[in-house]
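Residues per chain, in single letters:
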Amino acid sequence: MTFDQDLLTQLRDARHGVVFTGAGVSAESGIATFRDALSGLWSRFDPMQLATPEAFAADPELVWGWYESRRRQVLCSSPNPGHIAIAELAKRLPQLTLVTQNVDDLHERAGSRDVLHLHGSLHYPRCSRCAAPFELAPAPRVEATEGRRLAPPRCLQCGGAVRPGIVWFGESLPVAALETAFAAAADCDLLLSVGTSGVVYPAAQVPEIALHNGATVVHVNPDPQALGGTDEWLLAGAAGEILPALLQAAFQD
Ligand code: BV8
Ligand code: ZN
C-alpha cells in the first residue's frame, strides 16, 4: 500500500493531530456499524427510532434489550489493528486528541487514553429519574441477548428505570467533551476521520472545524462516496488495514 509522500510528511511532522472515529473503526472487531446495528428483533426499526428518549419511554424493555445486546457484543470483541494503530500514533506525535462517536470501549482497550466520547458509552448507564450512575454486573461473556427484550434494572437510590449512558437523538452532547473536541479541531494541523458517515451533528462539525482552520483532513473509509470535498484526502479502505500501513509508511519503522 503506497501513500502520497506529502501526506506522509504532514503526518510525521504534525504538531497536533486529531483522530475522529465512528462505527467503522470497530467494524473489523465484529461490532456492527450504527447503520447496521439492527438485527433480529430490532431489524424492523430505524436506529434513529430506537436511539431516542421517546423510544425508551415508550418501550424501555425493547430499547434496554437492544443496548444490552450491543454491550455484550462489545464485551465479546477485541480492539482491531485500526484501534491499535491509533493508540500507537499518540506515541509518535507531540499531541494527539482522540474524539469518538462510538459507545464501545475498544479505543481504551487498545491503549488510547483520554478518549473523548461525544455520544456516551455502553458501559456507564444511569438512572433515568435521578441520574445516579448504575453499576452493571459483568454480563456473562458468552450469553448473547440477541433479539431479546429485557427489563432495565431499577435504580438503587430511587427505584427509577436505569437507562443506557448514551446520547440519544434530540439529546445534548456532553458539553466538556464537545468543547474540547472543537478546540482540538480548531488547533490541529492534521485530522484523521476514520469510519464515519459524517451525518450526525454536532459531532460531524469536528472535521469541518479542522478544515476551516486550515488543517489537512484525511478520511479513512472503504466507501468511496464517503465524505470530503476536493480539498480533503480520502484513503479508501478498511481502517484495520489502512492505519497500520499509514503509520509504518510515515514513521518507517
Ligand atoms: C442534538 C449514540 C439538539 C446512539 C448517536 C432533523 C431531525 C431531528 C434531529 C436532527 C435533524 N437534523 C439534525 C438533527 C440533530 C441530530 C442529527 O444530527 N440527526 C441526523 C441523523 C440528521 N443530532 C442530534 O439529535 C444530537 N443532539 O442535536 O441535540 C439539542 C440541542 C440543545 C439542547 C437539546 C438538544 C445527538 C446525536 C447523537 C445521537 N447518538 N449515537 C447509539 O450509538 O446507539 S449517533 C450514531 O450515529 C453514532 O454514534 C454516530 O455518531 C452516528 C453516525 O454513525 P457512524 O459512527 O458514522 O456510523 P455509520 O454506520 O453511520 O457509518 C459507518 C461508516 O463506517 C460508513 O461510512 C462506512 O462506510 C464506514 N466503514 C464501514 N466499515 C469500515 C468503515 N470505515 C473504516 N473501516 C471499516 N472497516
Ligand atoms: Zn434513581
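This structure is a prediction, so every number in the text was calculated from the model and none was measured. (Residues numbered from 1 in each chain as written. Chains lettered and ligands numbered in written order. Predicted model: local features only at pLDDT ≥ 70, side-chain atom pairs only at ≥ 80, totals over all residues. Heavy atoms only, no water.)

Okay, the overall build of the chain next. Each helix and strand in the chain was counted, giving 10 helices and 8 strands. Taken against the 2.2 N^0.38 rule, which gives 18 Å for 253 residues, the C-alpha radius of gyration of the chain at 19 Å falls within 12% of a compact globule. Residue burial in the chain is summarised as follows: out of 253 residues, 51% are buried. Excluding contacts between residues fewer than 6 apart, the proportion of contacts in the chain whose partners are at least 24 apart in sequence is 73%. Summed over all atoms, the accessible surface of the chain reaches about 11,600 Å², with 54% contributed by carbon and sulfur. For the chain, the separation between the mean place of its 18 positive charges and that of its 28 negative charges on side chains is 10 Å. (Helix = DSSP H or I, 4+ residues; strand = E, 2+ residues; numbered from the N terminus. Rg over C-alpha atoms; globule rule 2.2 N^0.38 Å. Buried < 20%, exposed > 50% of the residue type's maximum accessible area, 1.4 Å probe, protein only. Contact = heavy atoms within 4.5 Å. Areas by Shrake-Rupley, 256 points an atom, 1.4 Å probe, with all protein chains shown as cover. Lys, Arg positive; Asp, Glu negative; His and termini not counted. Charge placed at Lys NZ, Arg CZ, Asp CG, Glu CD.)

A separate point is the packing of aromatic side chains. Inspection of the entire model under this criterion finds 3 aromatic pairs. Linked through ring pairs, Phe56, Trp66, Tyr67 and Trp168 together constitute an aromatic cluster. One cation-aromatic arrangement involves Arg70 over Trp66; the distance from NZ or CZ to the ring centre is 4.6 Å. (Phe/Tyr/Trp six-rings, centres within 6.5 Å; stacked < 30°, edge-to-face > 60°. Lys NZ or Arg CZ within 6 Å of the ring centre and 35° of its normal.)

Taken together, the protein ligands of the zinc ion (ligand 2) are Cys127 (SG), Cys130 (SG), Cys155 (SG) and Cys158 (SG), with distances of 2.2 to 2.4 Å. The coordination sphere of the zinc ion (ligand 2) comprises 4 donor atoms, whose angles at the metal cover 99 to 119°; the geometry is tetrahedral. (Donors = N, O, S within 2.8 Å, 3.2 Å for Na, K, Ca; no water. Tetrahedral: all angles 85-135°; square planar, octahedral: opposite > 155°, others 65-115°.)

Cross-referencing UniProt, the feature "binding site: substrate" (unreviewed entry) maps to Tyr67 and Arg70 in the present numbering. Looking at the element boundaries, Tyr67 is found in helix H5 (residues 60-75). Not counting residues within four places of it along the chain, the set of residues in contact with Tyr67 comprises Ala51, Leu122, Pro164, Ile166 and Trp168. Along the chain, the position of Arg70 falls in helix H5. (UniProt positions renumbered as here; feature names shortened; annotations may be inferred.)

Another point: the site of ligand 1. Close to ligand 1 lie 33 residues; Tyr67, Arg70, Gly170, Ser197 and Asn221 are nearest. One nitrogen or oxygen atom from the main chain of Gly170 is found 2.7 Å from an oxygen atom belonging to ligand 1. In this structure, Ser197 approaches ligand 1 through a side-chain N or O atom, which is 2.6 Å from an oxygen atom. Protein burial of ligand 1: of its 1,500 Å² of free accessible surface, 71% is covered by the chains. Among the elements of the structure, helix H2 (24-27), H5 and strand E7 (216-221) are those that each provide at least two residues to the shell around ligand 1. (Near = heavy atom within 4 Å. Polar contact = N/O pair within 3.5 Å; in protein donor to acceptor, adjacent residues only side chain to side chain.)

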